[in-house]
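Residues per chain, in single letters:
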Amino acid sequence: MMIKLEDIHIRKSLMPGDVGFIAYLHGDLYAKECGYGLRFEAYVLEGLKDFIMEYEATRDGIWICEHNNRIIGSLIAQHRESKLQLRYFIFQPAYRGIGLGKLLMQEFIGFMRKQGIHEAYLWTTADQQAAITLYQKYGFQLTEETASKGFDKPVMEQRYELKLG
């Protein structure tokens, strides 16, 4: 069965269980695809806990992607003073390459403009080349690199920033 972008429902609200599933998705996929371990999952859980504790529906953007009533991906825009942090941008492998990432990047930038926010940033690792290519296509630029062993293997953490005109 060929999955099409129009088959995906994007929900812009949080429901109980969403953040738990986002943590599961990160832990499961990054263990399989990148060899990250339990410490990476703990890092994701800590960040999601902070997000929930600081969540403001009027200042934070949520895009929960569903197919056949199942969560298959997400993107979160978390408010950070005068900036937004792009976080938890992930999809099940079967849903990559159908234009969902581009759609969500457009949603994210539209949310920035609607909020009157001109700067955003994200953290990723050098392992995420497909995502990095997408980020750069939308204007994010590499501003910082740090070697880390925090995910149970050596990684190069990278910060990308976006400034809207």
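Residues numbered from 1 in each chain as written. Predicted model: local features only at pLDDT ≥ 70, side-chain atom pairs only at ≥ 80, totals over all residues. Heavy atoms only, no water.

**Student:** Explain the side chain of R87 to me, please; I cannot follow it from the model alone.
**Tutor:** By the element assignment, R87 lies in strand β4 (residues 83-91). One buried charged side chain, R87, makes no salt bridge at all; its nearest oppositely charged neighbour is D50, positioned 6.2 Å away. Polar contacts involving the side chain of R87 include one to the side chain of Q78, which spans 2.7 Å. In contact with R87, other than residues within four places in its own chain, are G47, L75, I76, Q78 and R80. (Helix = DSSP H or I, 4+ residues; strand = E, 2+ residues; numbered from the N terminus. Buried < 20%, exposed > 50% of the residue type's maximum accessible area, 1.4 Å probe, protein only. Lys, Arg positive; Asp, Glu negative; His and termini not counted. Salt bridge = Lys/Arg side-chain N within 4 Å of Asp/Glu carboxyl O. Polar contact = N/O pair within 3.5 Å; in protein donor to acceptor, adjacent residues only side chain to side chain. Contact = heavy atoms within 4.5 Å.)

**Student:** Is there a simple way to explain the pairing of strand β2 (residues 61-67) in this structure?
**Tutor:** Most of β2 is tucked away: seven of the seven residues are buried. Going residue by residue along β2, you find G61, W63, C65 and H67 tucked away on one face and I62, I64 and E66 tucked away on the opposite face as well. Where strand β1 (residues 9-11) meets β2, three bridges bridge the pair, whose relative direction is antiparallel. Residue R11 lies in a different strand from β2, and its bridge partner there is I64. The sheet contact formed by β2 and strand β3 (residues 70-80) spans seven bridges and is antiparallel. The residue bridging E66 from the neighbouring strand is I71, located in β3. Counted between consecutive antiparallel strands, the loop separating β2 from β3 contains two residues, among which N68 sits at a positive phi close to 50°. (Pairing = 2+ DSSP bridges.)

**Student:** I'm lost on the pattern of salt bridges in this one. Help?
**Tutor:** Any two side chains of opposite charge can pair if their charged atoms end up close together. For the structure shown, the criterion picks out 14 salt bridges. Between K163 and E119 there is a salt bridge, with its nearest N and O atoms 3.5 Å apart. Taken as a pair, K163 in strand β7 (residues 155-163) and E119 in strand β5 (residues 119-125) lie far apart in primary sequence, 44 residues in all. With relative accessibility at 28%, the residue E119 sits in the partly exposed group. We note a salt bridge from E161 to R159, for which the minimum N-O separation is 2.9 Å. Residues E161 and R159 agree in their burial class; the two are buried. Within the structure, one salt-bridge network assembled from shared partners comprises R11, D18 and E66.

**Student:** Please clarify how the packing of aromatic side chains should be interpreted in this entry.
**Tutor:** The geometry of an aromatic ring pair comes down to the distance between the two centres and the angle between the two planes. Counted by the stated rule, this structure contains 14 aromatic pairs. One aromatic cluster is present, built from ring pairs that chain together Y30, Y36, F40, Y43 and F151. The lysine or arginine in question, R159, covers the ring of Y121, its NZ or CZ lying 4.0 Å from the ring centre. (Phe/Tyr/Trp six-rings, centres within 6.5 Å; stacked < 30°, edge-to-face > 60°. Lys NZ or Arg CZ within 6 Å of the ring centre and 35° of its normal.)

**Student:** Can you walk me through helix α4 (residues 129-137) in this structure?
**Tutor:** The periodicity of an α-helix, 3.6 residues per turn, causes residues three or four places apart in sequence to face the same way. Residues of α4 that are buried include every one of A131, I132, L134 and Y135, and no others. The buried residues of α4 occupy one face: seen down the axis, they fall within an arc of 160°. Those residues of α4 that are exposed and aimed more than 90 degrees away from the buried face are A130, T133 and K137. Those residues of α4 that are buried are in contact with β4, α3 (100-115), β5 and β7. Immediately beyond the C-terminal end of α4, within one or two residues, lies G139, with a positive phi of roughly 100°. (Arc of directions from axis to C-beta.)

**Student:** Help me understand the packing of helix α1 (residues 18-34) against helix α2 (residues 38-54) in this model?
**Tutor:** Pairs of packed helices are described in terms of their axes, by the angle between the two and the distance that separates them. For the pair α1 and α2, the least separation of the axes is 9 Å and the interaxial angle reads 160°. When the axes of α1 and α2 are compared, the pair comes out roughly antiparallel. Remark: the crossing between α1 and α2 carries right-handed chirality. Judged by residue contacts, V19, I22, A23, H26, G27 and Y30 of α1 engage F40, E41, V44, L45, L48 and I52 from α2. (Axes fitted to C-alpha atoms, helices over the stretch in contact; angles between N-to-C directions. Parallel < 35°, antiparallel > 145°, perpendicular 65-115°, else oblique. Left-handed = near helix turned anticlockwise from the far one by under 90°.)

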